[in-house]
Amino acid sequence: MRVLGVDPGLTRCGVGVVEGVAGRPLTMIGVGVVRTPADAELGHRLVAIERGIEEWLDEHRPEFVAVERVFSQHNVRTVMGTAQASAVAMLCAARRGIPVALHTPSEVKAAVTGSGRADKAQVGAMVTRLLRLAAPPKPADAADALALAICHIWRAPAQNRLQQAAAQHASALKGRTR
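Residues numbered from 1 in each chain as written. Predicted model: local features only at pLDDT ≥ 70, side-chain atom pairs only at ≥ 80, totals over all residues. Heavy atoms only, no water.

S.K.: Please clarify how helix H2 (residues 76-95) should be interpreted in this entry.
M.R.: Because an α-helix completes one turn every 3.6 residues, residues spaced three or four positions apart along the sequence face the same direction. With 20 residues, H2 extends 28 Å from end C-alpha to end C-alpha; this agrees with the ideal 28 Å at 1.5 Å per step. Against strand E1 (2-7), helix H1 (42-60), strand E4 (64-68) and strand E5 (100-103) lie the buried residues of H2. (Helix = DSSP H or I, 4+ residues; strand = E, 2+ residues; numbered from the N terminus. Expected span 1.5 Å × (residues − 1). Contact = heavy atoms within 4.5 Å.)

S.K.: Help me understand the nonpolar core, please; the structure alone is not making it clear to me.
M.R.: Across soluble globular proteins, you tend to see nonpolar side chains buried next to one another. Counting residues in each nonpolar core, the largest one holds 19 residues, and the members touching the most others are Leu4, Val6, Ile49, Ile53, Leu57 and Val65. The biggest single contributor to this core is H2, with five residues. Discounting chain neighbours no more than four positions away, the residues touching Ile49 are Gly9, Leu10, Cys13, Val34, Thr36, Ala85 and Val88. Listed in part, the 18 residues of the second largest apolar core include Val3, Ala118, Ala149 and Ile153. (Core = buried A, V, L, I, M, F, W, Y, C linked by side-chain atoms within 4.5 Å. Buried < 20%, exposed > 50% of the residue type's maximum accessible area, 1.4 Å probe, protein only.)

S.K.: Hey, could you run me through the environment of Thr78 in this one?
M.R.: Positionally, Thr78 belongs in helix H2. For Thr78, a relative accessible area of 35% gives the class partly exposed.

S.K.: How do you make sense of the side chain of Thr128 when you look at a structure like this?
M.R.: Along the chain, Thr128 turns up in helix H4 (residues 120-130). For Thr128, a relative accessible area of 11% puts it in the buried group. Aside from chain neighbours lying at most four places away, what touches Thr128 is Leu133, Ala134, Ala135, Pro136 and Pro137.

S.K.: Hey, could you run me through H4 in this one?
M.R.: Along H4, the residues that are buried comprise Val123, Gly124, Val127 and Thr128. For H4, the angular spread of buried residues about the axis comes to 135 degrees, placing them on one side. Away from the buried face of H4 by more than 90 degrees, exposed residues Ala121 and Arg129 are located. For H4, the side-chain oxygen to backbone nitrogen distance between the N-cap and Ala121 is 3.1 Å, and the N-cap itself is Asp119. (Arc of directions from axis to C-beta. Polar contact = N/O pair within 3.5 Å; in protein donor to acceptor, adjacent residues only side chain to side chain.)

S.K.: Where do I start with the sheet that holds E4 in this structure?
M.R.: Within a beta sheet, neighbouring strands are joined by backbone hydrogen bonds and run either parallel or antiparallel to one another. Within the open sheet, the five strands sit side by side as E3-E2-E1-E4-E5. Their pairing is mixed. Across the chains shown, the open sheet's two edge strands, defined by having one partner strand only, are strand E3 (27-35) and E5. Within the sheet, the average angular offset between the axes of one strand and its neighbour, ignoring direction, is 20 degrees. Of the pairings in the sheet, the one linking E1 to strand E2 (residues 12-19) comprises six bridges and is antiparallel in character. Within the sheet, the bridge partner assigned to Arg2 lies in E2 and is Glu19. (Pairing = 2+ DSSP bridges. Axes fitted to C-alpha atoms, helices over the stretch in contact; angles between N-to-C directions.)

S.K.: Can you help me understand the pairing of E4 in this one?
M.R.: Burial runs high along E4: four of the five residues are buried. Strand direction decides the pairing type here: E1 and E4, joined by four bridges, are parallel. Paired with Val6 across the bridge in E4 is Val67. Bridge count for E4 against E5 is four bridges, and the pairing is parallel. Counterpart to Val67 in the pairing with E5 is Leu102.

Geometric values such as these leave the question of function open.
Right under this line is the structure:
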C-alpha cells in the first residue's frame, strides 16, 4: 500500500509518501513541504498548494491519501487556513478517484508513538525509527505527514474490516425487514 500523508497548512503543507503493509517494515518514498508566502493572496496560496499536491500525486501515484483532520483550536484564523489546505488536498485526491482518510492528531500520535499526547519531538523520533532514517525529517510538518501515512497503513486494515462488518450488518437488517 502506498499512502500520501498530508499535514495541511497554508504556509507549510507537509507531504510524505510511505509504502508498506501493517506488520512489515515500511519504506519512505518521499518527504517534503509545499510552501506558500504568508503575504500572498489566499486564492494564490491555495492554487500553489494544489499545484504542489498535484505534483506529488503525479510523481508518487499513491493508492490512498491520509489527511490530518482539522480540529478546533483557539486561533480561528489558523483553523481556517488549515481547513482550506485540507480541503485542497481532499479535492486533488477526489478528482483522481483516490480514497481519502482523515485522522485526528491524537490518532496519529497514538498509532506512531503509543501515546495520543506525544509531542512533536516524540513523533519525529518514532517516524525516524520506524522508517529507518538517519535523522528526523525537517520541518516537523514533513515528519507529521509521514506519521499520517504510517497511521493510515497501520489502521486501514482494521477500518476496512469494521466498514465491511457494518455493511454486512446493515444488509442483514435490510433483508429481515422485507
